[in-house]
Amino acid sequence: MAQYIYNFGGGSADGTTDMRNLLGGKGANLAEMASLGLPVPPGFTITTDVCIEYYKNGRQYPDGLSAAVADALARVEDIVGKKFGDAKNPLLVSVRSGARASMPGMMDTVLNLGLNDETVEGLAELAGDDRFAFDSYRRFIQMYSDVVLGVDHHTFEDIIDTYKDERDYFLDTDMGADDWRAVVDLYKDAVAEALGRPFPTDVNEQLWGAIDAVFGSWMNDRSKTYRRLNNIPESWGTAVNVQAMVFGNMGDTSATGVAFTRDPSTGENSYYGEFLVNAQGEDVVAGIRTPQALTTKARAEMGSNDPSLEEVMPETFKELSDVFAKLEAHYADMQDIEFTIEQGKLWMLQTRSGKRTAKAALKIAVDLCQEGKITEEQAVMRVGPASLDQLLHPSLDPHAPRDLLTKGLPASPGAASGEIVFSADEAEKRAADGHKVMLVRTETSPEDIHGMHAAVGIVTARGGMTSHAAVVARGMGRPCVCGAGELRIERDGSGATIGGRAIKAGDMLTIDGSTGEVFFGEVLTVQPELSGDFAKVMEWADKCRRMKVRANAETPLDAQTARDFGAEGIGLCRTEHMFFEASRILAVRQMILAETERGRRSALEKLLPVQRSDFTELFEVMAGLPVTIRLLDPPLHEFLPHTDAEIVEVAEATGVDPDVFRRRARELEEANPMLGHRGCRLGITYPEIYEMQVRAIMQAACDVAKASGESVVPEIMVPLVATVSELRILKARIEAVAKEVFTEKGQTLEYTIGTMIELPRAALTADQIAGEAEFFSFGTNDLTQTTFGLSRDDAGSFLPSYVRAGLLEQDPFVSIDRDGVGALVEIAVEKGRRVKPDLKLGICGEHGGDPLSIDFCERVGLDYISCSPYRVPIARLAAAQAAVSAKKG
Ligand code: PEP
Ligand code: MG
């Protein structure tokens, strides 16, 4: 029989840290900590295999599981010397989820399990504290009823509120043992009324109810959304951890806390964390009480009067520091830790590699490398390429005027301005309509993640640096200010006040997530400095990578940005994008609408000098780096005049009767412009267009080469080729024009002619095409559209629902579909290289900036990737990581 259960605690463990696929991150790390001899409450992990089987078999557990759970529980009983369900000496357990990848707050947890009317008396006796025992019991009923039995948690909150109001109590600390006893009875009545049956008193029934609920929560809506946003496959499943309870709420020598071994926001090498005396773990993250700082230094920096852990429990703080050091040394990474102190005794409840901002990730990787704990290659692997996006975003312009409303906690760095919305649904709706929105909430919960994702930034009134809003915003790279205590939001979401000033939905708000400041209105921002740790990691990444990184750019400004970010050439200059400007579009329309070659040539004559100067500037900026210029590929509908006024404008400019152009525009209208008269089809039917472009490219190249004395290497690229004959004809024409220019200029230079592979037929006949091409660039935008038979322009209306429903793991326009589109790329690579072993291969579709697709490009052996300028650093890092992983196999 497969091993479904792995024990840990009592000085040993069945599992190890590298078993996270089977035990989940939490289970694997609990096992590892137990093996390291750290104080871990004993327990056991039910594997992810059980979860997978459970769903495969219509929510049935494999045979033998219940006996195995009973055995494991008996082992825990032996270690702690207590018995599950025993009236005098009861063992209580926690039941928690734990997937391979961390999914904070998405799945269910039940604490204090094993309490009933009898065991609660035993607990009171053992702890010598009735109040604690009945507080624990009511917490258990509340949590279990919410998570397992589906009773709305408001039911319980209302009961407590009413109870307190009736007695003029204000805080939970006003409640005594008898009060909690009374609340327990009220809770049980409420559950019985809601469910028509009493709250379960059988502890085994409680246990299996909780196990079912945790496995069940793998498929709840918020877990599904989280997985979709974080690319976590559904097939992984979650593990369940059952563990002896330890209590941070057994009086003033007890506490609970969370800590990072380094600052997760800045990466500083100093402990960073929060704790609460006499509290359970959930109280810290829930943001209801404001937690205290771990270290005295942090307390001073926060300007807080509440003592630090270092001050209130110096011995335990010392012990905790030793554990931090041991864990960091063991994992060679910054750890995120949960601990509980039960009547002076320290217990470790969790450790994992801590989530961090991009800035912190870079600093920690560089520091650990310089401390000799990891290699440069390991440092490169420690930074998530997509997270670099956070650094490439703006911060507040220090000179811009601003109107400060309040200051909260700097929960996630970066600056953003957006229109205020008070709900996640509203955030999603307004963002879909193209608005930048700022989500303003009292606090956030996992139900809000879709709105947090849609927002440019998040502000909350409550909660600390490890509250839900802070953790999730950092993970998503959204600027966030938490615990802005002066913020009061109307219950009905109609408006809010900050420090007495009214704000309403739709007002602009600006936040600086690095300082915690919140401003009224929009504040100007500036671009970030990309030096220091960023530059270091990039330098190491460049040493690791094999593929070159180029940019898709048309304008000198974009080309310069791309170079500043480290691009090694231009992989795609979309020449039609050079024509969007108002001053040029007229000539383009004139060319498109012309009925005769003469008409077209006259428009092209106007465009030639414009194109030549564009290319000149581009070659100058790229200073000898390769520049791939794609000949015109305009989906016609993007350039045809849209209004009658525009038609009249073209008619006036050319002296032609507007009716002629009206008719012509109607003739040119296409049912499927994405699959219409575009790309090389246009070049084949109207040779003079490409002739003009090649002339402009060659003249510019000759001029720049002459003026600079440097080599200029134009790569002329033919788009949307389906057959080799298209390329053969166009290549001959390109060569003829080049020759003419060289004769005119009395100068020659090297240039190459290649093609895009963006149609399935081109991929499948790549051997024929390679005979005529010196390079291929995979246009995976069109290749995805044509492989799926999905229009790029229309897919947005239904593709997201496919992804949500799990029909597609990801949007194939974002991350390459390896099985289909990827297979075509592989065929083309293999066939192309068979005919021409030194054929240069690249990619220039949007996938060129997507880390997962970049990994694919590495594996199929492309020479370069090309992406938008702002993604160049991401691509450099992703290419390095792909090379390192490919080397490891
Ligand atoms: C492509 O199709 O992938 C491509 C880069 O070309 P465009 O997006 O301009 O069609
Ligand atoms: Mg294309």
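Conventions we followed
Residues numbered from 1 in each chain as written. Chains lettered and ligands numbered in written order. Predicted model: local features only at pLDDT ≥ 70, side-chain atom pairs only at ≥ 80, totals over all residues. Heavy atoms only, no water. Domains from an automatic or database assignment. Pairing = 2+ DSSP bridges. Helix = DSSP H or I, 4+ residues; strand = E, 2+ residues; numbered from the N terminus. Axes fitted to C-alpha atoms, helices over the stretch in contact; angles between N-to-C directions. Near = heavy atom within 4 Å. Polar contact = N/O pair within 3.5 Å; in protein donor to acceptor, adjacent residues only side chain to side chain. Nonpolar A, V, L, I, M, F, W, Y, C, P; charged D, E, K, R; others polar. Buried < 20%, exposed > 50% of the residue type's maximum accessible area, 1.4 Å probe, protein only. Contact = heavy atoms within 4.5 Å. Parallel < 35°, antiparallel > 145°, perpendicular 65-115°, else oblique. Left-handed = near helix turned anticlockwise from the far one by under 90°. Expected span 1.5 Å × (residues − 1). Donors = N, O, S within 2.8 Å, 3.2 Å for Na, K, Ca; no water. Right-handed = clockwise from strand over helix to strand, strands pointing away. Phe/Tyr/Trp six-rings, centres within 6.5 Å; stacked < 30°, edge-to-face > 60°. Patch = residues over 30% accessible without salt bridge, like charges linked within 9 Å, V, L, I, M, F, W, Y side chains within 5 Å. Areas by Shrake-Rupley, 256 points an atom, 1.4 Å probe, with all protein chains shown as cover. Salt bridge = Lys/Arg side-chain N within 4 Å of Asp/Glu carboxyl O. Lys, Arg positive; Asp, Glu negative; His and termini not counted. Charge placed at Lys NZ, Arg CZ, Asp CG, Glu CD.

Student: Run through the domain arrangement of the protein chain, naming residues and quoting values.
Tutor: Accessible area lost upon the coming together of the parts is a frequently used measure of interface size. Segmentation of the protein chain into domains returns domain 1 (5-244), domain 2 (255-356), domain 3 (393-526) and domain 4 (545-888). Its C-alpha centre places domain 3 at a distance of 40 Å from the equivalent point of domain 4.

Student: Before we move on, can you summarise the sheet that holds strand β21 (residues 487-489) with the specific residues and values?
Tutor: With respect to topology, three strands assemble into an open sheet ordered β21-β22-β23, the strand pairing being antiparallel. Of all strands in the sheet, those bounded by a partner on one side alone are β21 and β23 (501-503). Averaged over all neighbouring strand pairs, the angle between strand axes comes to 25°, with direction disregarded. Both strand β22 (residues 496-498) and β23 contribute to a ladder of three bridges, which runs antiparallel. For Ala-496, the partnering residue across the bridge sits in β23 and is Ile-503.

Student: Can you explain the site of ligand 1? Please cite residues and give values.
Tutor: Ligand 1 sits among 13 residues. The nearest are Arg-574, Arg-630, Gly-779, Asn-781 and Arg-792. One of the backbone nitrogen or oxygen atoms of Asn-781 is found 2.7 Å away from an oxygen atom of ligand 1. Of all the secondary structure elements, the ones that give two or more residues to the shell around ligand 1 are β28 (570-574) and α30 (780-788). With three residues, α30 is the single largest residue contributor to the shell around ligand 1. Here the shell around ligand 1 is composed, by residue class, of three nonpolar, four polar and six charged.

Student: Pulling in residues and values, what's your account of the side chain of Ser-217?
Tutor: With respect to the helices, strands and loops of the structure, Ser-217 is situated in helix α8 (residues 203-217). Residue Ser-217 is classed as buried on the basis of its relative accessible area of 2%. Not counting chain neighbours up to four residues away, the residues in contact with Ser-217 comprise Met-107, Asp-108 and Ser-223.

Student: Can you explain the packing of helix α4 (residues 119-127) against helix α5 (residues 130-147)? Please cite residues and give values.
Tutor: The contact between α4 and α5 brings their axes to 8 Å, and the two run at 140°. With respect to their mutual orientation, α4 and α5 come out oblique. Read as a crossing pair, α4 and α5 show a hand that is right-handed. Contact residues: α4 offers Val-120, Glu-121, Leu-123, Ala-124 and Ala-127, while α5 offers Asp-130, Phe-132, Ala-133, Phe-134, Ser-136 and Tyr-137. Split by residue class, the contact of α4 with α5 holds eight nonpolar, one polar and two charged.

Student: Give a description of helix α7 (residues 177-195) that names residues and reports values.
Tutor: Compared with an ideal rise of 1.5 Å per residue, which puts 19 residues at 27 Å, α7 spans 27 Å between its outermost C-alpha atoms and is within 8% of the ideal. Taken as a whole, α7 has its buried residues at Asp-179, Trp-180, Val-183, Val-184, Tyr-187, Lys-188, Ala-190 and Val-191. For α7, the elements touching its buried residues are α5 and α6 (153-166). Directly after α7, the chain includes Gly-196, whose backbone phi takes a positive value near 75°.

Student: Just give me the short version of the coordination of the magnesium ion (ligand 2), but keep the residues and values in it.
Tutor: Surrounding the magnesium ion (ligand 2) are the protein donor atoms Glu-758 (OE) and Asp-782 (OD), which sit 2.0 to 2.1 Å from the metal. Placement of Glu-758 in the loop between β31 (752-757) and α28 (760-764) and of Asp-782 in helix α30 is noted, with a sequence separation of 24 residues between them. Just as Glu-758 is buried, Asp-782 falls in that class too.

Student: So what about the pairing of strand β30 (residues 714-718)? Which residues, and what values?
Tutor: Most of β30 is tucked away, with five of its five residues classed as buried. A two-sided burial pattern is seen for β30, the buried positions comprising Pro-714, Ile-716 and Val-718 on one face and Glu-715 and Met-717 on the other. Sheet topology note: the strand β29 (residues 627-630)/β30 ladder contains four bridges and is parallel. Bridging from a neighbouring strand, Thr-628 pairs with Glu-715 of β30. Here four bridges tie β30 to β31, and the two strands are oriented parallel to one another. Looking at the pairing, Ile-716 lines up with Ile-753 of β31. Taken together, β30, helix α27 (residues 724-745) and β31 form a β-α-β motif whose crossover is right-handed.

Student: Describe the packing of aromatic side chains, naming the residues involved and giving the relevant values.
Tutor: Counting across every chain of the model gives 15 aromatic pairs. Ring centres of Phe-140 and Tyr-144 lie 5.4 Å apart, and the angle between their planes is 55°; this geometry places the pair in the tilted category. Taken as a pair, Phe-140 and Tyr-144 lie in helix α5 at a separation of four residues, close to a single helical turn. According to the relative accessible area criterion, Phe-140 is buried, its value standing at 0%.

Student: Lay out the sheet that holds strand β6 (residues 93-99) in plain terms, naming residues and giving numbers.
Tutor: Taken in spatial order, the six strands of this open sheet run β2-β1-β3-β8-β6-β7, and their pairing is antiparallel. One side of each edge strand has no neighbouring strand; the edge strands of this open sheet are β2 (12-13) and β7 (109-113). In the sheet, β6 pairs with β7 via three bridges, with the strands oriented antiparallel. Residue Val-93 lies in a different strand from β7, and its bridge partner there is Leu-113. Taken strand by strand, helix α3 (residues 65-80) contacts β1 (5-9), β2, β3 (43-46), β6 and β8 (238-244), and its axis lies near 5° from that of β1.

Student: Talk me through the environment of Ala-738; I want residue IDs and the actual numbers.
Tutor: Relative to the helices and strands, Ala-738 resides in helix α27. For the pair Ala-738 and Ile-697, spaced 41 residues apart in sequence, the C-alpha separation works out to 9.0 Å. Aside from chain neighbours lying at most four places away, what touches Ala-738 is Val-694, Met-698 and Tyr-751.

Student: Before we move on, could you go through a nonpolar patch on the surface and cite the residues and values that matter?
Tutor: Together, Phe-798, Tyr-802 and Leu-807 make up an exposed nonpolar region whose accessible area comes to about 290 Å². Within the secondary structure layout, Phe-798 lies in the loop between α30 and α31 (799-804).

Student: A description of a negative patch on the surface should follow, citing residues and the corresponding values.
Tutor: Taken together, Asp-146, Asp-152, Glu-157, Asp-158, Asp-161, Asp-165 and Asp-168 make up a surface patch of like negative charges. As for its placement among the helices and strands, Asp-158 is situated in helix α6.

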